[in-house]
Amino acid sequence: MSNPSNLKYTASHEWVKTEADGTISIGITQHAQELLGDMVFVEAPAVDRHLKAREECAVVESVKAAADVYAPVSGIVTEVNGELDSSPENINNDPYAAWMFKMKPDNAADIDALMDAAAYQAVVDSEEH
Amino acid sequence: MTLKTTSLNAVHRETGAKMVDFGGWDMPVNYGSQIDEHHQVRRDCGMFDVSHMRVVDIQGEGVREFLRYLLANNVDKLTLPGKALYSAMLLENGGVIDDLIVYFMGECWFRIVVNAGTADKDIAWMKKQAGEFVVPHPNPLPEGEGTQSIVITSRDDLAMVAVQGPNARSKVWSALPGSKELTEKLIPFSAAAMDSMFIARTGYTGEDGFEIMLPAKAAPLLWTKLKDNGVKPIGLGARDTLRLEAGMNLYGQDMDETVGPLESGLAWTVDLKSERDFIGKAALLANPPNQKLVGLLLLDRGVLRGHQKVHTAQGTGEITSGSYSPTLEKSIALARVPKDVAIGDTVQVAIRDKLLTAQVVKYPFARNGKAVVSL
């Protein structure tokens, strides 16, 4: 699966999608879910919490291991995906549809500074070699 | 460091296995979904490459007496050829060097299967003890010939394939013509030889099945025959969740040289009642345990993991093995806690910045396809 070109990415393997209303959805990438394996638990941040860029704010746990999820930019949590409470495997099945939480960024320009799909792919390739 | 490989390494890679460094061995952790592989074994059957485990043959006329002294469990329970016994091997101070299965092959030949990561250490220990262990010969012999020597052989030439699950035995029988007649009447924890194969009704999953030891070069053909009979390959990831559900200890996590068998849930394997002396016995008698191993079932949402602290009314304990149980669809763990903690007690487990509630339960959690703890 290739990384969708309409998304932005972080070096810590989150994807970021800008929604029509200006909020952003955050999830973890195909590469991240593949490394972790079968997901069994997701802990999302509290709604209304203000996050700083690169702050640890959520956790995904697979059968194998737990991994932290980081805020891609600074902003306020507006919504969490409750479906993942009962169906964390959605992250394995379709990582780019299984958003974990949404944020209202403090500064929309911060999104532009994130990596595009090609730059992120280079990060993944460098980890594998 | 170059990783060690089993004779099935190329087969795993061709099958698309995800390979990991498993204690210095390049082994398959899964071939796809670990949870699917777990269910495959509980509900049907699957096969594992466990060739990294080490077979050690111990031969000589005084072998039984040597093992009576070397092992915490009593090999006198082994009277019929092929019968197997699970035992801990202890240090003088009672710490666990390893856990193992010993098979009675004949009065002058016992076979021991030990863990991969501890094999070299185990063999060195056995050789040291055998050197110090002098068995008097029953008949007087000329000077200098009055003792028997014990020969310890590491069988690096053998591979081991575990086939586990409710349908494991019947699928092995279809894959290996002639094996049914030889192994159908085997009771659990016993084995039979067939040609160059040694087929044992043992395992590490809580399911019925066989562990097959055979020449390493013959393992790929056996793997193919099993696959052709519908046996799916299963990675070592699922092996860990299967053994945890079955309440079986993992050496290095649930016990090691710093703890004894009595605080590791292995009292049932330690013979303290008979007159027999064995290495570690005096230390076990002198130091009654003040901790014990219990099962935990997480009542809150989350995942229990090794080394998380467990807060009880009697003091603090620690999780030794924890994971997600695919059969129970909850998180479970083995934990070492103060000895007065009771089944049914509620305890708090520290996970990241939170204290989550878990219940102390009697393990195993699941065996033979279903949950055996009350939820």
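Residues numbered from 1 in each chain as written. Chains lettered and ligands numbered in written order. Predicted model: local features only at pLDDT ≥ 70, side-chain atom pairs only at ≥ 80, totals over all residues.

S.K.: Help me understand the overall build of chain A, please; the structure alone is not making it clear to me.
M.R.: A tally of helices and strands in chain A yields five helices and nine strands. Secondary structure of chain A in N-to-C order comes out as β-β-β-α-β-β-β-β-β-α-α-β-α-α. Its C-alpha atoms give chain A a radius of gyration of 14 Å, within 12% of the compact-globule value 14 Å for 129 residues. With respect to the three principal axes, the spread of C-alpha positions in chain A is 35 × 35 × 25 Å. Per-residue burial over chain A gives 40% buried out of 129 residues. Summarising the internal contacts of chain A: among those between residues at least 6 apart in sequence, 63% fall at separations of at least 24. (Helix = DSSP H or I, 4+ residues; strand = E, 2+ residues; numbered from the N terminus. Rg over C-alpha atoms; globule rule 2.2 N^0.38 Å. Buried ≥ 20, exposed ≤ 12 C-beta atoms within 10 Å, placed from the backbone. Contact = placed C-beta atoms within 7 Å.)

S.K.: Explain the overall build of chain B here, please?
M.R.: Check the secondary structure of chain B and you find nine helices and 23 strands. The C-alpha radius of gyration of chain B comes to 21 Å, within 12% of the 21 Å expected for a compact globule of 375 residues. Taking the principal axes of the C-alpha coordinates as reference, chain B spans close to 70 × 55 × 45 Å. Split into buried and exposed, the 375 residues of chain B put 47% on the buried side. Long-range contacts, defined here as pairs at least 24 residues apart, represent 67% of the contacts in chain B between residues at least 6 apart.

S.K.: Just to check I follow, could you spell out the domain arrangement of chain B for this structure?
M.R.: When the parts of a complex come together, some accessible area is lost, and that lost area is often used as the size of the interface. Residues and elements named next belong to chain B. Segmenting chain B into domains produces domain 1 (9–53 + 156–245) and domain 2 (290–371). If you average the C-alpha positions of domain 1 and of domain 2, the two centres end up 29 Å apart. Every contact between the two is made by twelve residues of domain 1 and, on the other side, twelve residues of domain 2. Elements represented by at least two residues in the side of domain 1 that touches domain 2 include exactly helix 2 (34–43) and helix 8 (236–245). For the side of domain 1 that touches domain 2, the leading source of residues is helix 2, giving five residues. Here the residues of the side of domain 1 that touches domain 2 are counted per class, giving three nonpolar, four polar and five charged. (Domains from an automatic or database assignment. Nonpolar A, V, L, I, M, F, W, Y, C, P; charged D, E, K, R; others polar.)

S.K.: Any chance you could explain the sheet that holds strand 20 (residues 346–351) of chain B here in plain terms?
M.R.: The pairing of strands in a sheet happens through backbone hydrogen bonds and is either parallel or antiparallel. Residues and elements named next belong to chain B. The sheet built from six strands closes into a barrel, its strands ordered 16-19-18-17-20-21 with antiparallel pairing. Ignoring strand direction, the axes of neighbouring strands in this sheet form an average angle of 40°. Against the sheet, helix 8 touches strand 18 (315–325) and strand 19 (330–338), its axis set at about 125° to strand 18. (Pairing = 2+ DSSP bridges. Axes fitted to C-alpha atoms, helices over the stretch in contact; angles between N-to-C directions.)

S.K.: Help me understand the interface of chain B and chain A in this model?
M.R.: At the junction of the two partners, chain B supplies twelve residues and chain A supplies eight residues. Breaking the side of chain B that touches chain A down by element, the ones donating at least two residues are helix 2, helix 8 and strand 18 of chain B. Considered class by class, the residues forming the side of chain B that touches chain A number three nonpolar, seven polar and two charged.

S.K.: Is there a simple way to think about the nonpolar core in this case?
M.R.: Burial of nonpolar side chains together is a common tendency in soluble globular proteins. Residue and element names in this part refer to chain B. Counting residues in hydrophobic clusters, the biggest one holds 131 residues, and the most contacted among them are Val102, Val161, Val163 and Leu296. Counting residues per element, this core draws most heavily on strand 6 (residues 96–106), which supplies seven residues. Apart from the residues lying within four places of it in its own chain, the contact partners of leucine 296 are Leu304, Ile332, Ala333, Ala335, Ala358, Val360 and Val361. (Core = buried A, V, L, I, M, F, W, Y, C linked by C-beta atoms within 7 Å.)

S.K.: Could you clarify how one ought to interpret the environment of Asp36(B) in this entry?
M.R.: As for its position among the elements, Asp36(B) is in helix 2. For the pair formed by Asp36(B) and Ala238(B), sequence separation is 202 residues and the distance between their alpha carbons is 8.7 Å.

S.K.: How should I be thinking about the sheet that holds strand 1 (residues 8–9) of chain A in this particular structure?
M.R.: The strand order across the open sheet formed by six strands is 1-2-3-9-8-5 (chain A), and the pairing between neighbours is antiparallel. Edge positions in the sheet fall to strand 1 and strand 5 (50–51) of chain A, since each of these pairs with one other strand and no more.

S.K.: Explain the packing of helix 2 of chain B against helix 8 of chain B here, please?
M.R.: To characterise two packed helices, one gives the angle between the axes of the helices and the distance between these axes. Residues and elements named next belong to chain B. Following both chains from N to C, one finds helix 2 and helix 8 inclined at 55°, their axes separated by 8 Å at the closest point. Regarding the angle of helix 2 to helix 8, the classification is oblique. Our pair here, helix 2 against helix 8, has a crossing hand that is right-handed. Residues Gln34, Glu37, His38 and Val41 of helix 2 touch helix 8, and the partners they reach there are Gly237, Ala238, Thr241 and Leu242. Looking at the contact of helix 2 with helix 8 residue by residue, the class counts come to three nonpolar, four polar and one charged. (Parallel < 35°, antiparallel > 145°, perpendicular 65-115°, else oblique. Left-handed = near helix turned anticlockwise from the far one by under 90°.)

S.K.: When you look at unusual backbone geometry in this model, what are you seeing that I'm missing?
M.R.: Where the residue is not glycine, phi is negative for most of them; where a peptide bond is considered, it is trans in most cases. Pro364(B) follows Tyr363(B) through a cis peptide bond whose omega is 10°. Notably, His13(A) is not glycine yet its phi reads approximately 75°, a positive angle. Structurally, the position occupied by His13(A) is in the loop between strand 1 and strand 2 (14–18). Residue classification places His13(A) among the buried residues on the basis of 23 C-beta atoms within 10 Å. With phi around 75°, His307(B) is a residue other than glycine that occupies positive phi space. Of note, His307(B) is situated in the loop between strand 16 (291–298) and strand 17 (309–312). Look at His307(B) and you get exposed, because 10 C-beta atoms sit within 10 Å.

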